[in-house]
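# Notes for the structure review
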Protein chains: 2
Amino acid sequence: MQLLWLSLLPCLYLASLCSAEQGLEFPSFDGKDRVLHINERNYKKALKRFDMLCLLYHEPQPAHKGRQKQLQMTELVLELTAQVLEDKDIGFGMVDSQKDAKVAKKLGLEEEGSLYIFKDDRVIEFDGEFSADTLVEFLLDVLEDPVELISNPMELRAFERMEEDIRLIGYFKGEDSYYKAFQEASERFQPYIKFFATFDKTAKHLSLKMNEVNFYEPFMEEPAILPGRQLSEMEIVEFVHQHKRATLRKLRAEDMFETWEDNLDGIHIVAFAEEEDPDGYEFLEILKDVARDNTNNPELSIVWIDPDDFPLLTTYWEKTFKVNLFKPQIGVVNVTDADSVWLDMSNDEDLPTAEELEDWIEDVLSGKVNTEDDDDVKDDYDGTRLCCLDSINT
Amino acid sequence: MQLLWLSLLPCLYLASLCSAEQGLEFPSFDGKDRVLHINERNYKKALKRFDMLCLLYHEPQPAHKGRQKQLQMTELVLELTAQVLEDKDIGFGMVDSQKDAKVAKKLGLEEEGSLYIFKDDRVIEFDGEFSADTLVEFLLDVLEDPVELISNPMELRAFERMEEDIRLIGYFKGEDSYYKAFQEASERFQPYIKFFATFDKTAKHLSLKMNEVNFYEPFMEEPAILPGRQLSEMEIVEFVHQHKRATLRKLRAEDMFETWEDNLDGIHIVAFAEEEDPDGYEFLEILKDVARDNTNNPELSIVWIDPDDFPLLTTYWEKTFKVNLFKPQIGVVNVTDADSVWLDMSNDEDLPTAEELEDWIEDVLSGKVNTEDDDDVKDDYDGTRLCCLDSINT
């Protein structure tokens, strides 16, 4: 970390500029180097030293000034994260994909720009929004137990409310049982997929049999069932892989780029809906109905984006996709060029019915609705506006 | 904005460092000046020029280097916000509390560090987390209509689910009715307090009479009722002021400092609970029961903090309050020095019952439990740990 940065950036996040009260102080970067530059000489020591080691695998020092600064900002985000988590015994480091190619190979680092987390004998890849908030939350989640125990009706209700998440629940005799295989499997998916277990009669409410594992796809009411028998870790892992691409999935900051990469033939069906907004909520309920009706179609995966979760992207999306995000929208996005086409819902009064939506989705899947057909009639929107700040500023 | 910053900070938020896909590009600061330096010569012009004008009222240029940089960072957050919202016709400016004291007085700016938003003939004060995410989301909310119409059972369900928010709903004949007074009142509280209205039989489900307005305190099932009659704007405003300090309120990024300032005799009862966690959910349900039983006690206001909403503050709170935030906690915090005392819930198995919690709260309100009594036995925890990064880094 260059000295320049240290003096220039005492904080990335700011508290109120003036406050007599104590108790809500956002951290400022204190300028202390905590991020290691990992190389062949120090990587083993680093792995040994920390309970958890987070390595950013990055492109070589770029010649382009803009990209150089971007890399420095990334390091700074990592520094702030390291500072915030200082007491949690987590190490942080950077691995240059060119200079440290040998180490990278040894450690199995592959995707430039990803953060790899080494915990015990496993590796977790982080491919989400690279901001200190998202990173800290993610790493705190990794520190928690990978399996949560459910032991009363209230906790069961908490489990049932998590409809946005992929989650598994298993019923076991106790800690010393096939629960062990379940726990080991859970570690491979932590924190992206949530694992729950129960050792008591709570299982009855879910009509779980002994040693049975249920997999809940997001927004689905009925689970996929792995019948109760002598389960091995690999059977559970296999079962998760088989079911994990959801028919309707919510875009999350912690794995947004991974989700985006997991497209079907280069396209995503994308639905924008603000859950907090009555219109958005209604549209989302219709969408869930459609997803439930089509959960067995392996070709269908809809990405739901709640604009409230990504304030900095909202206007970018409005410009790129030429849609108004104050209202719900559904469309097809080509992920190679962000070209898109959107279902016409300009009639303010009525949202489409589940049937109308299903018809449109069928047209998308058959190729009848696609992002190319309208390219010749596209209007010349470019999102700029006349700016007269200068005249005001003087 | 100094040239230095322009070249050094191409982006505050980073997308994935390497991605072949398009459609999720986080904005980088493009270096263009958009934030105005407001003074006596230009403020009227600025007010006239924009639909909405956001003015940061800040301390004079500080002598201290650290605080200087902090002010520059603040301006940068404002610049990025202005860039992201460029097409929304929002102006941004800074007002120096010393140099521009006259303008500040004319505009009614009072609290240094607050952002004041001028929209039509009203002023909205923002006293929340000063980050681009929070600001952008807040300003997009201000751009929406202050009253949302509810016109079917699904939208009503969306309304009913918003239990965390203070919300009002009124039943009116149509746009041309006492609805107008309701709408004008709503503008005074936007976007902090949510206003809904219905013109049709949806009202029956809520047993609303014509022209009646209901006020829902967060987490309460029964509303406070303003009976249906010829309502004036001021009556509604008065009604909101009378009820707006909630028995249980969630700390939100957009008004966190304001909430913190609104303490009772310098203390807050603070509850930490992760809603996504079964334990946290259970504790929160108990807390809601307690709040419902005590909603008429004007001396009681509990601040609920979901650590998931403030990842950067989590470890700071753990250190400052000496609590483990992986588990639910409730305590009393003195906001002048952040001294605190916490209910002992170390028995892992059982959370306190609603009765036990009420007893403890009674002890807090009577002064029997307070932050001073334990000060002599306080241990010498200081949160540092031995650091051997240097030995690894070489």
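Note that this is a predicted model, so its numbers are computed, not measured.

As a further point, take the sheet that holds strand β3 (residues 90–96) of chain B. All names here are of chain B. Within the open sheet, the five strands sit side by side as β1-β3-β2-β4-β5. Their pairing is mixed. Of all the strands in the sheet, the pair left with one neighbour each is β1 (35–37) and β5 (122–126). Each strand of the sheet is rotated relative to its neighbour by a mean of 25°, with strand direction disregarded. As defined by bridge partners, strand β2 (residues 52–58) adjoins β3 across seven bridges and the pair is classed as parallel. Counterpart to Leu 56 in the pairing with β3 is Met 94. Taken strand by strand, helix α3 (residues 65–84) contacts β1, β2, β3 and β4 (115–119), and its axis lies near 165° from that of β3. Contacts from helix α5 (residues 132–143) reach β2, β3, β4 and β5, with the element oriented near 155° to β5.

Moving on, we come to the packing of aromatic side chains. All told, the structure shown has 32 aromatic pairs over all chains when counted by the stated rule. On the basis of an interplanar angle of 90° and a centroid distance of 5.1 Å, the ring pair of Tyr 179 of chain A and Phe 199 of chain A is categorised as edge-to-face. Taken together, the residues span a long stretch of sequence, with Tyr 179 of chain A in helix α7 (residues 179–187) and Phe 199 of chain A in the loop between β8 (194–198) and α8 (202–205) at a distance of 20 residues. Owing to a relative accessible area of 3%, Tyr 179 of chain A belongs among the buried residues under this scheme. Relative to Trp 342 of chain B, the ring of Phe 321 of chain B lies with its centre 5.4 Å away and its plane at 45°, an arrangement referred to as tilted. Of this pair, Phe 321 of chain B sits in helix α12 (residues 311–321) while Trp 342 of chain B sits in strand β15 (residues 340–342), placing them 21 residues apart in sequence. Site record: aromatic cluster; members linked through ring pairs are Phe 172, Tyr 179, Phe 182, Phe 189, Phe 195 and Phe 199 of chain A.

Time to look at the pairing of strand β13 (residues 302–305) of chain A. Residues and elements named next belong to chain A. The two faces of β13 match: Ile 302 and Trp 304 on one face and Val 303 and Ile 305 on the other face are all buried. Examined bridge by bridge, strand β11 (residues 248–250) and β13 share three bridges and lie parallel to one another. Among the inter-strand pairings, Lys 250 is bridged to a residue of β13, identified as Trp 304. When strand β12 (residues 267–272) meets β13, the two strands line up parallel, connected through four bridges. Bridge pairing in β13 places Ala 271 opposite Trp 304. Regarding topology, helix α11 (residues 278–293) serves as the crossover connection from β12 to the parallel β13, and that connection is right-handed.

With that settled, consider helix α9 (residues 233–243) of chain B. Residues and elements named next belong to chain B. The set of residues buried in α9 consists of Ile 236, Val 237, Phe 239 and Val 240. The arc enclosing the buried residues of α9, seen along the axis, measures out at 160°, which places them on a common side. Where α9 is buried, its residues touch β7 (167–171), α7 (179–187), β8 (194–198), β9 (213–216) and β10 (224–226).

Residue and element names in this part refer to chain A. Averaged over chain A, the pLDDT score is 88; the fraction of residues at 70 or greater is 89%. Mean pLDDT per element in chain A: helix α1 (residues 3–8) is the minimum at 34, and β13 is the maximum at 98. Confidence drops under a pLDDT of 50 for residues 1–18, and excluding neighbours within four residues, the segment shows 69 contacts in the predicted structure. Two numbers describe this predicted complex: its pTM, 0.90, and its ipTM, 0.89.

When two helices pack together, their arrangement is given by the angle between the helix axes and the distance between those axes. Two elements in contact, α11 of chain A and helix α6 (residues 153–161) of chain B, have axes whose closest approach is 8 Å; the angle formed by their N-to-C orientations is 115°. Taken together, the axes of α11 of chain A and α6 of chain B are roughly perpendicular relative to one another. Taken as a pair, α11 of chain A and α6 of chain B cross one another with a handedness that is right-handed. On the side of α11 of chain A, the interface is formed by Pro 278, Asp 279, Tyr 281, Glu 282 and Glu 285 of chain A, while α6 of chain B contributes Met 154, Glu 155, Arg 157, Ala 158 and Arg 161 of chain B. In the contact of α11 of chain A with α6 of chain B, the residues fall into four nonpolar, no polar and six charged.

Before going further, it helps to spend a moment on the sheet that holds strand β6 (residues 147–149) of chain B. Residue and element names in this part refer to chain B. Spatial strand order, β6-β8-β7-β9-β10: five strands in an open sheet with mixed pairing. Strands at the two margins of the open sheet, each flanked by one partner only, are β6 and β10. Across the sheet, the mean angle separating the axes of adjacent strands is 25° when strand polarity is ignored. Set on the sheet, α7 makes contact with β6, β7, β8 and β9; between it and β8 the angle comes to about 165°. Across the sheet, α9 touches β7, β8, β9 and β10, and the angle it forms with β10 is around 165°.

Rules and cut-offs
Residues numbered from 1 in each chain as written. Chains lettered and ligands numbered in written order. Predicted model: local features only at pLDDT ≥ 70, side-chain atom pairs only at ≥ 80, totals over all residues. Heavy atoms only, no water. Pairing = 2+ DSSP bridges. Helix = DSSP H or I, 4+ residues; strand = E, 2+ residues; numbered from the N terminus. Axes fitted to C-alpha atoms, helices over the stretch in contact; angles between N-to-C directions. Contact = heavy atoms within 4.5 Å. Phe/Tyr/Trp six-rings, centres within 6.5 Å; stacked < 30°, edge-to-face > 60°. Buried < 20%, exposed > 50% of the residue type's maximum accessible area, 1.4 Å probe, protein only. Right-handed = clockwise from strand over helix to strand, strands pointing away. Arc of directions from axis to C-beta. pLDDT = per-residue confidence, 0-100. Parallel < 35°, antiparallel > 145°, perpendicular 65-115°, else oblique. Left-handed = near helix turned anticlockwise from the far one by under 90°. Nonpolar A, V, L, I, M, F, W, Y, C, P; charged D, E, K, R; others polar.

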